[in-house]
Amino acid sequence: MRLLIVEDDAPLASGLRRMLEAEGHAVDVAARGEEAMAAAAAERFDLVILDIGLPQMDGFEVLRRLRAAAPERGAPTPVLVLTARDAVEDRVHGLDLGADDYMVKPFATPELAARVRALLRRSQSHGGPRMAHGPLALDTLARRATLRGEPLELAAREWAVLEVLLARVEKIVSKEAIIQAVAGWDEELSPNAIEVYVSRLRAKLEPAGIRIRTVRGFGYMLEEFAPG
Amino acid sequence: MAARSLRVHLLRMLLPPLAALLALGAVVTYTLSIEPATEAYDAALTDIGIALGSQVQVSASGYRFEMPAVVEQMLRTSRFDSVYYRILSPGGMEIAGDPDLQPPPGDADAYDGSFRGNKVRVVSVQAPCGRSICTVLVAETLVKRTQHSQEILLSTLLPEALIALAAALIVWFGVKRGLGPLTSLSEELKARSPRDLRPIDAAAAPEETRALVTALNGLLQEVAESSRTQQRFLAAAAHQLRTPLADLQTHSEIALAQALPAPARAPLEHLHAATVRTARLANQLLTLARAEAGARGEVASVDLKQLVEGEADTWVHQALARNVDLGFELQAAPVQGDALLLREALANLVHNALQYGGGRVTVRTARLNGCSRVEVEDDGPGIPAAESGRVLERFYRVPGTPGTGSGLGLAIVRDITSSHGAHIDILAGGGGTGCRIEITFPHG
């Protein structure tokens, strides 16, 4: 994947670059907002890691311009905002402007790596008709699912629940959100019904190492697939 | 000394001069009305004296006074008083009457004296008797005069006492009424959040309090300005601290990801652990400073349930990393507050529970009897009752606690809680073990 780091602190930028390169990405670094805009105009990046505290043109402005330029370039490039300022204003402002995730400095690099992976996975599967998760593949157009290459039988409701969880791998999804996504206009679904669908999904997916974790009193999370 | 009361102060200032004025008034009125009365009564005695003098018969043998017994009886006893008299010839010889009645001293016409044990008023009259002038002394007891003077005194004092009472009442209730605008001003100030530094509406304040309101607004503005300065400083400090800490952490993590010889790995791991700790401490100190500065008036309606839901994903991942079962029981719990600080308080509670609280942690939000509440319960070793007061102090850690915490987490929770007018309770966990920390927000 091709990543752009926009960070004016040279030691941090080089550290992030090394770390992400070790993950197998191609990484460019821009130290200023203007540079970042030029790089984004010249090339298509799969992800931008954007520091808010840049000299002159700050990260919010870069984000605003990136998003303003986005429509002609197809699906928007995911942006992970880094901030050293107090979280909430920057987060709210950043998310309002269309950032996909944020992290407050200082952060643990494994967590940053995990979020980069999650964002890339989401942007790859999002909008596309095919979603994959380890040995599981969903073709949403053909409504066909395969597990380890074998056809997987899923009832309509099971399919819908799995689709919601798969769109947000490694994020917890509340039961309400699942109900909203699964239930049609004319029907009411109880949280208990969701539990039934999830346990059926588990029975089908766990033998292949795909785990759906219950978050007590909240909802579910499709865990990151770890082979082996 | 009792607290200074404006009413008491006013009454103290007002009542003594008022009392003195009333007393002086009473004396003047009494004197002014008693004098004509005395003159009138004296004139009546003089008339009696002249009438008595006219009864004196002058003949060659001398002076003779005769009065029928009935008349004498009528003269001597009026309705209220006894009357005495003594008639002396121009030469000073006794003619009739009570010889022991003394004439006024010197050349006075009247005097107050006593006669046969009674207080009397004595008038000396030069009355024509025949062709010469006799001296007639007429005296009467003071029953009628005393009664009259008492009536005069009463009719003077009663209205004045009423005036004094009215003045005191007017002061008492007038002060309360007059201070009404101050009372409503102080009610408004009391009802304010300590974080609310908006100016008071000076236009709505009564004219008398406007100067006070203007002065208060000036003060509020200065406090708000210095709070903004502090917030700017904190934002700058946060930035300046966090970026190099991020450098340190990133590079130490990259280094630790390499294959390293053991002698290099151990100090690097220490370096990394210290960096992470420093980063957390810096964040906590910044939060604490923000909670203290606390006066930016960013108070809004916040639902604790939504706040928790927004953070749930982050917390669940932290719990998974520690192998803790983090669960939720969430009901709507609206409060008025600063979402940033409330989130920070909850994050600290959850972090503490995940760090020290055993294998199962539950976050609950609810609304009970009109009060919103959030609580975090764990099944860890719990906080001994003796320590539950101290754990809220800054930099205090329960002795024997594992790990390298700063002891700031719960102090941050306490500061944020109290700046929201909420209170914090440290209770035992539901299963008999562990700890339940409960934050209850004020009614509303």
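Residues numbered from 1 in each chain as written. Chains lettered and ligands numbered in written order. Predicted model: local features only at pLDDT ≥ 70, side-chain atom pairs only at ≥ 80, totals over all residues.

## Observations concerning the overall build of chain B
Within chain B, the secondary structure is distributed over nine helices and 14 strands. Excluding contacts between residues fewer than 6 apart, the proportion of contacts in chain B whose partners are at least 24 apart in sequence is 65%. (Helix = DSSP H or I, 4+ residues; strand = E, 2+ residues; numbered from the N terminus. Contact = placed C-beta atoms within 7 Å.)

## Side note on the sheet that holds strand β9 (residues 325-330) of chain B
Residues and elements named next belong to chain B. Overall, mixed pairing links the five strands, which are arranged β9-β11-β12-β14-β13 in an open sheet. The open sheet has two edge strands, β9 and β13 (423-428), and neither has a second partner. Averaged over neighbouring strand pairs, the angle between their axes works out to 15° when direction is ignored. Pairing geometry for β13 and strand β14 (residues 435-440), over six bridges, is antiparallel. Residue isoleucine 424 lies in a different strand from β14, and its bridge partner there is isoleucine 439. (Pairing = 2+ DSSP bridges. Axes fitted to C-alpha atoms, helices over the stretch in contact; angles between N-to-C directions.)

## Here's the deal with the interface of chain A and chain B
If you look at the interface, chain A gives 26 residues, while chain B gives 28 residues. Considering every element that reaches the side of chain A that touches chain B, the biggest residue donor is helix α1 (residues 10-22) of chain A, with seven residues. Residue composition of the side of chain A that touches chain B, by class: 14 nonpolar, five polar and seven charged. (Nonpolar A, V, L, I, M, F, W, Y, C, P; charged D, E, K, R; others polar.)

## Let's talk about helix α4 (residues 180-191) of chain B
In this model, α4 of chain B (12 residues) spans 16 Å end to end at C-alpha, consistent with the 16 Å of a helix rising 1.5 Å per residue. Little of α4 of chain B sits inside the fold, with zero of its 12 residues counted as buried. (Expected span 1.5 Å × (residues − 1). Buried ≥ 20, exposed ≤ 12 C-beta atoms within 10 Å, placed from the backbone.)

## Describing the sheet that holds strand β9 (residues 150-151) of chain A
Residues and elements named next belong to chain A. One open sheet accounts for four strands, arranged β6-β7-β8-β9; its pairing is antiparallel. Edge strands, defined here as strands with exactly one partner in the open sheet, are β6 (130-133) and β9. In this sheet, β9 lies alongside strand β8 (residues 144-147) in antiparallel orientation, the contact comprising two bridges. Paired with threonine 146 across the two strands is proline 151, which belongs to β9.

## Side note on the confidence of the model for chain B
Averaged over every residue, the pLDDT of chain B is 85; residues scoring 70 or more account for 96%. Both scores are given for the predicted complex: the pTM is 0.61, the ipTM 0.77. (pLDDT = per-residue confidence, 0-100.)

## Re unusual backbone geometry
Residue and element names in this part refer to chain A. Omega for the bond connecting lysine 105 with proline 106 falls within 30 degrees of zero, at -10°, which places this linkage in the cis form. Mapping proline 106 onto the fold places it in the loop between β5 (101-104) and α5 (109-125). Phi is positive for glutamine 56, which is not a glycine, with a value near 55°.

## Focus on the packing of helix α1 (residues 6-54) of chain B against helix α3 (residues 143-178) of chain B
Residues and elements named next belong to chain B. For the pair α1 and α3, the least separation of the axes is 9 Å and the interaxial angle reads 160°. Between α1 and α3, the crossing angle belongs to the class labelled roughly antiparallel. Crossing angle aside, the handedness with which α1 passes α3 is right-handed. Residues belonging to the contact of α1 with α3 are distributed by class as follows: 23 nonpolar, six polar and three charged. (Parallel < 35°, antiparallel > 145°, perpendicular 65-115°, else oblique. Left-handed = near helix turned anticlockwise from the far one by under 90°.)

## Section: helix α7 (residues 175-182) of chain A
Residue and element names in this part refer to chain A. Turning to α7, its buried residues are Lys175, Ile178 and Val182. Looking straight down α7, one finds its buried side chains confined to an arc of 60°; they lie on one side. At its buried positions, α7 is contacted by α6 (156-167), β10 (173-174), α8 (191-205) and β12 (219-222). (Arc of directions from axis to C-beta.)

## A short note on the pairing of strand β10 (residues 334-337) of chain B
Residues and elements named next belong to chain B. Of the two faces of β10, the one lined by Val335 and Gly337 is fully buried and the one lined by Pro334 and Gln336 carries no buried residue. Of the strand pairs in this sheet, strand β8 (residues 300-303) and β10 are connected by four bridges, and their pairing is antiparallel. Across the sheet, aspartate 303 pairs through a bridge with proline 334, a residue of β10.

## Examining the nonpolar core
One finds Val161 of chain A together with Leu346 and Val350 of chain B to be the most contacted residues of the largest nonpolar core, which totals 67 residues. Among the elements that line this core, the one with the most residues is helix α8 (residues 339-356) of chain B, at 11 residues. Those residues in contact with leucine 346 of chain B that lie beyond four places of it in its chain are Leu307, Val308, Glu311 and Val374 of chain B. Ranked by size, the runner-up nonpolar core spans 37 residues in total, among them Leu20, Leu63 and Tyr102 of chain A together with Ala279 of chain B. (Core = buried A, V, L, I, M, F, W, Y, C linked by C-beta atoms within 7 Å.)

## Side note on the environment of isoleucine 87 of chain B
All names here are of chain B. Checked against the element boundaries, isoleucine 87 lands in strand β3 (residues 83-88). Looking at isoleucine 87, the number of C-beta atoms within 10 Å reads 25, which means it is buried. Between the C-alpha atom of isoleucine 87 and that of glycine 49, which follows or precedes it by 38 residues, the distance is 8.7 Å. Discounting chain neighbours no more than four positions away, the residues touching isoleucine 87 are Leu52, Val56, Phe65, Ile95, Ala96, Gly97, Cys134 and Val136.

## Here we look at the packing of α6 of chain A against α7 of chain A
Residues and elements named next belong to chain A. It is at 9 Å that the axes of α6 and α7 come closest, and there the two elements cross at 130°. It follows that α6 is oblique to α7 by the angle criterion. Two packed elements cross with a definite hand, and for α6 against α7 that hand is right-handed. Contact residues: α6 offers Arg157, Ala160, Val161 and Val164, while α7 offers Ala177, Ile178, Ala181 and Val182. Grouping the constituent residues of the contact of α6 with α7 by class yields seven nonpolar, no polar and one charged.

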